[in-house]
Amino acid sequence: MWSNFQWLFVLLIAANGGNIAVTLARGWHVPIWIVVGGLAGALILVFAATTIIRNRRWPPVEVNLANNELRVRDHAVPLASVNAAQLAIFPVRRRDPALALRLTSVEPARAEVFLRNRRGHTLPEDQRLVFAEAVRRTSIAMPISRDDPSGRFARYNFPGHVSLEDTVQLIARPPRAGEPLPVPS
């Protein structure tokens with residue numbers, strides 16, 4: 001979230017923060033360094049809170065192929081219980097968008113794996129091979145709506161969701177920026 005800041009925006013925040021600090025210091029009759037320290041502390045707390053919330057919502061994932069399980073934090077779920085995959089796109093100005101694969105399971109577990117980060121780097125080859133094999137052992141399928149039992153319009157009813165075949169292809173060869181994705185645009 002914080003990587004989208006542009007330098008001009010950061011300078012504007014610093015200028016406004018300085019203005020607020022001077023106004024508060026004069027109004028409260030306290031030294032300015034106390035107010036600046038308090039504002040800096042508040043900014044650090046906000047950054048830490050957003051990082052903690054994001055990591056709680058989408059924790060890192062570990063795969064154990066020997067036991068056919070996916071570990072999210074200290075909770076292990078069988079690979080066969082993973083039933084949905086969603087492609088998340090994080091657009092960034094002046095850079096390639098980041099791509100993440102979000103996995104959810106029947107049991108209360110979900111995880112996010114970045115296929116391509118904001119700088120265009122992908123998973124190392126050995127991690128991609130292990131992750132692709134783990135995904136092959138899952139039961140990922142496109143969701144089906146009760147209004148569309150044949151699943152003919154699943155790609156449009158559930159945007160971002162990908163099938164098992166598309167998921168394996170995405171892991172094996174993450175698309176570069178500008179290349180088509182296996183989701184409706």
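Keep in mind that this is a model prediction, so the values were computed, not measured.

Peer 1: Give a description of the confidence of the model for the protein that names residues and reports values.
Peer 2: Low pLDDT marks regions whose predicted coordinates should not be analysed in detail. For the protein, per-residue confidence averages 85 on the pLDDT scale, and residues scoring 70 or more make up 95% of the total. The lowest-confidence element of the protein is helix α4 (residues 154-157), averaging 82 in pLDDT; the highest-confidence one is helix α3 (residues 125-136), averaging 93.

Peer 1: Could you give me a rundown of the pattern of salt bridges, with the residues and numbers involved?
Peer 2: Scanning the model with the defined rule gives 6 salt bridges in all. Across the pair R128 and E125 runs a salt bridge, and its minimum N-O distance is 2.4 Å. Separated by 3 residues within a single helix, R128 and E125 lie in helix α3, roughly one turn from each other. Owing to a relative accessible area of 15%, R128 belongs among the buried residues under this scheme. Residue classification places E125 among the partly exposed residues on the basis of a relative accessible area of 46%. The closest approach of N and O atoms between E179 and R173, which form a salt bridge, is 3.1 Å. Judged by relative accessible area, E179 falls into the partly exposed class, the value being 26%. Here the salt bridges share partners, and the residues they tie into one network are E133, R136 and R137.

Peer 1: How would you sum up empty space enclosed by the protein? Please name residues and give values.
Peer 2: Following the criterion strictly, the structure yields 1 cavity of 30 Å³ or more and no others. What the largest cavity holds in volume is close to 30 Å³. As for the largest cavity, its lining consists of L70, L79, V82, L103, F131, A134, V135 and T138. In terms of residue count, α3 provides more of the lining of the largest cavity than any other element does, 3 residues in total. Within the lining of the largest cavity, the residues separate by chemical class into 7 nonpolar, 1 polar and no charged.

Conventions we followed
- Residues numbered from 1 in each chain as written.
- Predicted model: local features only at pLDDT ≥ 70, side-chain atom pairs only at ≥ 80, totals over all residues.
- Heavy atoms only, no water.
- pLDDT = per-residue confidence, 0-100.
- Helix = DSSP H or I, 4+ residues; strand = E, 2+ residues; numbered from the N terminus.
- Salt bridge = Lys/Arg side-chain N within 4 Å of Asp/Glu carboxyl O.
- Buried < 20%, exposed > 50% of the residue type's maximum accessible area, 1.4 Å probe, protein only.
- 1 Å grid on protein atoms, 1.4 Å probe; cavity = no way out; pocket = protein on both sides within 12 Å on 5 of 7 lines; lining within 4 Å.
- Points joined across faces, edges and corners; volume = space filled by probe spheres on them.
- Nonpolar A, V, L, I, M, F, W, Y, C, P; charged D, E, K, R; others polar.

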